[in-house]
Amino acid sequence: MTKKYYVEKKAEQLADKLDKLSEKQDKLSDNDQENKLEKQDEINKEFDKIQEDLKDLDKENKELKAPLDIPKDTEKEKSIDEDLKKASEDLQKENKAKAKPKQKSASKKMKEMSMKMEQSMAEGEMEELEEDVKMLRQILDNLLVFSFSQEELMGQFKGLKRGSPSFNKNLKLQQDLKQQFKHVDDSLFAMSLRNPKIAEDVTKEIGNVHYNIDKSIENLVEAQMPKGLSHQQYAISASNKLADFLSDILNSMQMSLSGMGQGKPKPGKGQGQGMQLPDIIQKQKGIGEKMKEGMKKGEKPGEGKKSGEGNKGKSGKEGKPGSGDGQGQKQGENGLDGEGDARDIMEIYKEQKQLREALQNELNKKGMGGNGQGTLDEMKDIEKQLLNKGFKNEVFQKVLKVQQELLKLDKAIQEQGEEQKRQSQSNKRDFYGKNKSLPASLQEYINSIEILNRQSLPLRSNFNKKVQEYFKSND
């Protein structure tokens, strides 16, 4: 755990150093007075030191049991190194105009390396935390099953005696529960290797459960029922306390995961929280428009011209040395290879990430997380493609595809719950509760004859005789 923490922090520090060195190189290229060979050599040495640190980091990362996903772009490092050396050579010849594009290119590439490292580390940390949350939830489920099973078994032992036929069977069940808890312990140990939030209290309660289960088996075998039942009760208490600790840790991890998903928004920008699906669709459409503009911007500068062509046919003031690189310089700042393009890509990347998180929250609220998983994966792929390829047509097509998927998802949500095959209807008929009167002939019969007292029963002669004898005998 200590080694892993060290590697993570070192990777973060190197990404930060690359970002600061990129800004330093960019400022130097824009400052004609300070743009000298000595300053450039300092930047070159700093980058050489970062390269050495990256090699050490890669070596230390490979020594971990589960190496982290830290991107290593050897080709880009080599390209930056070449740009820096060529910039130094041009500055040595006092050709600042020629050195400037190389400095800009090196600055942009260092910025890209830094962003890629930060993104990879953030994604790796989030994925690992998601796996831990899922694993811990499963461990909690297993622990609760163990606790309920142990409590039920303890209740069965309370009604048994040593010679009972079910005694040995229940002892075997107690052994099975011991093995079941061993699996919980192994899972927690594996998880503790990658997550420092597994506290000492958790380890202590695991030991208490093991101790009391072993003691309960030992006492039950020796027919000491009260002690055996007591240790079973202690095992249940320890497992419940352990479940409580793990529940708190799970909540803490889920809060951390939610915080990582929200990111660190800039002032004035939303965090992707509380957006509804129509808002997400509209903002996704806006991302498509921005990408379209970015693709057009990348095509405009330098059309049909090579750098240096701007000085042809010019004389006087316009023919100063280095004035021919004006077009190339403009292209370097705002075109496809400029830092301005990298900034635009990063802004769109952040917006896309916020939209994905907002969509995840919205789907979870509506209980449709599974239905939109494909769309979420597509949006995550767009984020990766933006960093790797920038404003390309294939990335733009993916954005358009996600727009269509979001519209379908919106329609599915609207249709959810609208099925009316079994629809209840209230009764619209009125009932006054008035019974119809009896027929007049029947009413007259009831009023004139006391049926039970005055009418003789229609019995056969032999039964009639017995009835008469019965009444006479009771007189």
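Residues numbered from 1 in each chain as written. Predicted model: local features only at pLDDT ≥ 70, side-chain atom pairs only at ≥ 80, totals over all residues. Heavy atoms only, no water.

Engineer: I'd love a proper account of the overall build of the protein chain, names of residues and values included.
Structural biologist: Counting secondary structure elements, the protein chain contains 15 helices and zero strands. Within the protein chain, the fraction of its 475 residues that count as buried is 35%. Put simply, 77% of the contacts in the protein chain that link residues at least 6 apart link residues at least 24 apart. When the accessible surface of the protein chain is split by element, carbon and sulfur atoms take 48% of a total near 30,900 Å². (Helix = DSSP H or I, 4+ residues; strand = E, 2+ residues; numbered from the N terminus. Buried < 20%, exposed > 50% of the residue type's maximum accessible area, 1.4 Å probe, protein only. Contact = heavy atoms within 4.5 Å. Areas by Shrake-Rupley, 256 points an atom, 1.4 Å probe, with all protein chains shown as cover.)

Engineer: Provide a residue-level description of the packing of helix H3 (residues 74-92) against helix H4 (residues 96-158), including the pertinent values.
Structural biologist: Contact geometry of H3 with H4 gives a least axis separation of 8 Å together with a crossing angle of 155°. In terms of orientation, H3 lies roughly antiparallel with respect to H4. Crossing of H3 over H4 shows left-handed handedness. In contact with Lys-76, Glu-77, Ser-79, Ile-80, Asp-83, Leu-84, Lys-86, Ala-87, Asp-90 and Leu-91 of H3, H4 contributes Lys-96, Lys-98, Ala-99, Lys-102, Gln-103, Ser-105, Ala-106, Lys-109, Met-110, Glu-112 and Met-113. Across the contact of H3 with H4, the residue classes break down as eight nonpolar, three polar and ten charged. (Axes fitted to C-alpha atoms, helices over the stretch in contact; angles between N-to-C directions. Parallel < 35°, antiparallel > 145°, perpendicular 65-115°, else oblique. Left-handed = near helix turned anticlockwise from the far one by under 90°. Nonpolar A, V, L, I, M, F, W, Y, C, P; charged D, E, K, R; others polar.)

Engineer: Give me the nonpolar core: which residues, what numbers.
Structural biologist: In terms of nonpolar packing, the biggest core is built from 35 residues, with Leu-136, Leu-143, Phe-157, Phe-181, Leu-188, Leu-242 and Leu-246 touching the most fellow members. Counting only elements with at least two residues in this core, the list comes to H4, helix H5 (167-192), helix H6 (200-221) and helix H7 (225-262). Counting residues per element, this core draws most heavily on H7, which supplies eleven residues. Phe-157 has contacts with Phe-167, Asn-170, Leu-171, Leu-220, Met-225, Leu-229 and Gln-232, leaving out every residue within four places of it along the chain. Counting residues in hydrophobic clusters, the runner-up holds 28 residues, among them Met-295, Ile-345, Val-395 and Ile-413. (Core = buried A, V, L, I, M, F, W, Y, C linked by side-chain atoms within 4.5 Å.)

Engineer: Describe in detail the packing of aromatic side chains, supporting the description with residues and values.
Structural biologist: Tallying each qualifying case throughout the model produces two aromatic pairs. Ring geometry for Phe-146 and Phe-181: centres 5.2 Å apart, planes at 45°, overall tilted. With a gap of 35 residues between them, Phe-146 in helix H4 and Phe-181 in helix H5 connect regions that are remote in the sequence. Each member of the pair Phe-146 and Phe-181 is classed as buried. For the pair Phe-157 and Phe-167, a centre-to-centre distance of 5.6 Å together with 85° between the ring planes defines the contact as edge-to-face. With Phe-157 in helix H4 and Phe-167 in helix H5, this residue pair connects regions lying ten residues apart in the sequence. Neither Phe-157 nor Phe-167 differs from the other in exposure class; each is buried. (Phe/Tyr/Trp six-rings, centres within 6.5 Å; stacked < 30°, edge-to-face > 60°.)

Engineer: Report on the packing of helix H2 (residues 37-62) against H3, specifying residues and quantitative values.
Structural biologist: Packed helix pairs are specified by the crossing angle of their axes together with the interaxial distance, meaning the distance between the axes. The geometry of H2 relative to H3 is characterised by a closest axis approach of 9 Å and an angle of 165° between their N-to-C directions. With respect to their mutual orientation, H2 and H3 come out roughly antiparallel. For the pair H2 and H3, the sense of crossing is left-handed. Mapping the contact onto sequence places Leu-37, Gln-40, Asp-41, Ile-43, Asn-44, Phe-47, Asp-48, Gln-51 and Leu-54 in H2 and Glu-77, Ile-80, Asp-81, Leu-84, Lys-85, Ala-87, Ser-88, Leu-91 and Gln-92 in H3. Along the lines of polarity and charge, the residues of the contact of H2 with H3 split into eight nonpolar, five polar and five charged.

Engineer: I'd like to hear about the pattern of salt bridges, residue by residue, with values.
Structural biologist: Throughout the structure, instances matching the rule amount to 24 salt bridges. Across the pair Glu-112 and Lys-108 runs a salt bridge, and its minimum N-O distance is 3.3 Å. Here the residue Glu-112 and the residue Lys-108 both occupy positions in helix H4, the gap between them amounting to four residues, near one helical turn. Via salt bridges that share partners, Asp-26, Asp-30, Lys-100 and Lys-104 belong to a single interconnected network. (Salt bridge = Lys/Arg side-chain N within 4 Å of Asp/Glu carboxyl O.)

Engineer: An account of H3 is requested, with residue identities and associated values reported.
Structural biologist: In an α-helix there are 3.6 residues to a turn, and that puts residues three or four apart on one side. For H3, built from 19 residues, the straight-helix expectation of 27 Å at 1.5 Å per residue is met to within 8% by its first-to-last C-alpha distance of 27 Å. Listing the buried residues of H3 in full gives Glu-77, Ser-79, Ile-80, Asp-81, Asp-83, Leu-84, Ala-87, Ser-88, Asp-90 and Leu-91. With its phi angle positive at about 60°, Glu-94 sits one or two positions after the end of H3. (Expected span 1.5 Å × (residues − 1).)

Engineer: Before we move on, can you summarise the side chain of Asn-35 with the specific residues and values?
Structural biologist: By the secondary structure assignment, Asn-35 is in the loop between helix H1 (2-30) and H2. For Asn-35, a relative accessible area of 2% corresponds to the buried category. Of note is the side chain of Asn-35, whose polar atom sits 2.9 Å from the side chain of Gln-103. Apart from the residues within four sequence positions on either side, Asn-35 is in contact with Leu-28, Ser-29, Leu-91, Lys-96 and Gln-103. (Polar contact = N/O pair within 3.5 Å; in protein donor to acceptor, adjacent residues only side chain to side chain.)

Engineer: Outline the environment of Leu-129, supporting the account with residue identities and numerical values.
Structural biologist: With respect to the element layout, Leu-129 can be found in helix H4. In this structure, the C-alpha to C-alpha distance between Leu-129 and Gln-254, residues 125 residues apart in sequence, is 8.5 Å.

Engineer: Before we move on, can you summarise unusual backbone geometry with the specific residues and values?
Structural biologist: Phi angles above zero are rare outside glycine, and Glu-94 is one such case at about 60°. Secondary-structure assignment places Glu-94 in the loop between H3 and H4. In this structure, Ala-223 takes a positive phi of about 65° despite not being glycine. Looking at the secondary structure, you find Ala-223 in the loop between H6 and H7.

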